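Structural characterization, general
Chain by chain, the residues:
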Amino acid sequence: MKKSRLFLLTAVFISLIFPLRQVQSAAPSPYDLISMVNDLRLNYGLPAMEIDGALMSAAQMQSDYLGSEYGTNFPSWDMGHVGAGGTAAIDRAAAAGYFVGPGWNVLENWAGGNDSIPLSEIVYSFWNDDAHMGNMLHPDVVHVGAGVTEGDGFVYYIIDFAVQYGSGGSSSGGVASTVPTTAVTPKIVPVTVVTPNEDGSIIHEVEIGQALWNIAMAYEVTVDQLLALNSLSENAVIYVGQSLFVQPAYTPTPTPTATQTPRAPTRTPVPAQTAQVVKTQVPNSENNGSGFFGLDRQTMGLGLILVCGIGLVLIVVGTMAKDKKSNPPKSK
């Protein structure tokens, strides 16, 4: 019995929590979108727009088309206004049964983003530029229609404005607008330029009502530069609290690396040599070239010559004596 009661209590708790989560995660309805834009118009002294069924149908068909055609890969801004078969907003409205006569037009705003982006961000930030604000605050809007499509955590928003120029918002037509021109000037939220960081980088935190174009203007850069620095696509949207790089950090100039050249070995200093007195040897007549028996060369040479001469004389005398003996003189 206790187990069954516990099970029933658990089931009731889950049934209460689950629908609550579904409501919290659901995307805003097309009527929520129209209501917020009407509040914007009232803040500028403009009348609220009247909802038209044909425009609601045309807008919903366009948001469904973008969701099925592009999914999470958002189209470019201009392609977001092209419907199935290349149709424009005025063509889609006419196809849905809305009367479009001479002097009429259908203006359109579209946006896409993840389902965590609040609707106020779509109206006051994504569409905070001259073109989109001009559509929402147009004094000659007669009827309005909107469409919202959610899928895979992403949401597409479409809002169409049927304009009869010169009507002043009256469906009877032909009535000039009594709203001052200044009343339809888009309210631009000023951008406060932040001080660069120590490394030279500039990071801007997006505030409500700011868009890429007025951030770029405040920092004197281009929208393309902001897109490139933040790796954003051409059709990217920004949100409140997002940090945008406006200027990257300075790139330090590489310092040349000193090459260590080995020093030549230090030479050992040679002490200065003191000149030494060299004694010149004088030939000693007593022992210079001394030979046998202490005789010098000159004496030995003379003695040798004398000996040779005596020897030669002896040889000659001996030869002559021998010749006399072998040839005695003959007597006559």
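We now turn to the structure provided with this report. Numbering of residues starts from 1 in every chain and runs along the sequence as written. Reporting in this predicted model follows two pLDDT cut-offs: at least 70 for local features of residues, and 80 or more for side-chain atom pairs to be given and counted; totals over whole chains, interfaces and linings ignore these cut-offs and use all residues. Remark: hydrogens and water are excluded; side-chain values derive from all non-hydrogen atoms of the structure.

Brief notes about the packing of aromatic side chains
Convention followed: Ring geometry is summarised as follows: Phe, Tyr and Trp rings, the Trp one being its six-membered ring, pair when their centres sit within 6.5 Å, and such pairs are stacked at plane angles under 30 degrees, edge-to-face over 60 and tilted between the two. Helix and strand definitions here come from DSSP, where helices need a minimum of 4 consecutive H or I residues and strands a minimum of 2 consecutive E residues; each element is numbered from the N-terminal end. For every residue, the accessible area (1.4 Å probe, protein chains only) is compared with the maximum for its type, and the residue is labelled buried under 20%, exposed over 50%, or partly exposed between those bounds.
A full pass over the atoms with the stated rule returns six aromatic pairs. Relative to Trp104, the ring of Phe99 lies with its centre 6.3 Å away and its plane at 75°, an arrangement referred to as edge-to-face. Aromatic pair Trp110 and Tyr156: ring centres 6.3 Å apart, planes at 25°, arrangement stacked. Residue Trp110 is found in strand E2 (residues 104-114), and its partner Tyr156 is found in strand E4 (residues 154-164); the two are separated by 46 residues along the sequence. Classification of Trp110 as buried rests on a relative accessible area of 1%. Judged by relative accessible area, which is 2%, Tyr156 ranks as buried. A connected cluster of aromatic rings, assembled from ring pairs, spans Phe74, Trp77, Trp110, Phe154 and Tyr156.

A few points about the sheet that holds strand E1 (residues 50-51)
Basically, it comes down to this: The criterion for strand pairing is that DSSP finds at least two bridges linking the strands in question. The contact definition used throughout considers only heavy atoms, calling two residues in contact when any of these lie within 4.5 Å. Lines are fitted to the C-alpha atoms to define the axes, a helix being fitted only along its stretch in contact, and any angle between axes, read from their N-to-C directions, falls within 0 to 180 degrees.
Taken together, the four strands give an open sheet; going across it, the order is E1-E3-E4-E2, and neighbouring strands pair in mixed fashion. What marks the edges here is a single partner per strand, and that holds for E1 and E2. One ladder, built from two bridges, connects E1 with strand E3 (residues 141-151); its direction is parallel. Along E3, the bridge assignment pairs Glu50 with His143. Its contacts with the sheet place helix H2 (residues 30-43) against E1, E3 and E4, and it is angled at close to 135° to E3.

Structural notes on the pattern of salt bridges
To be explicit about the condition: Whenever a carboxyl oxygen of Asp or Glu lies within 4 Å of a side-chain nitrogen of Lys or Arg, that contact is scored as a salt bridge.
Scanning the entire structure with this criterion turns up one salt bridge. The closest approach of N and O atoms between Glu108 and Arg92, which form a salt bridge, is 2.4 Å. One end of the pair, Glu108, is in strand E2; the other, Arg92, is in helix H4 (residues 89-95), with 16 residues separating them in the sequence. Across the pair, Arg92 and Glu108 agree in class, each one buried.

Describing helix H3 (residues 53-70)
Structural remark: α-helix, 3.6 residues per turn; residues separated by three or four positions point the same way. For clarity, the cut-off: What a helix should span is 1.5 Å times the count of its residues minus one.
Over its 18 residues, H3 runs 26 Å from end to end, which matches the ideal 26 Å to within 8%, given 1.5 Å per residue. When H3 is considered as a whole, its buried residues turn out to be Ala54, Leu55, Met56, Ala58, Ala59, Gln62, Ser63 and Leu66. Check the buried side of H3 and you find it contacts H2, E1, H4, E2, E3 and E4. Trailing H3 by a residue or two, Gly71 shows a phi angle of about 60°, which is positive.

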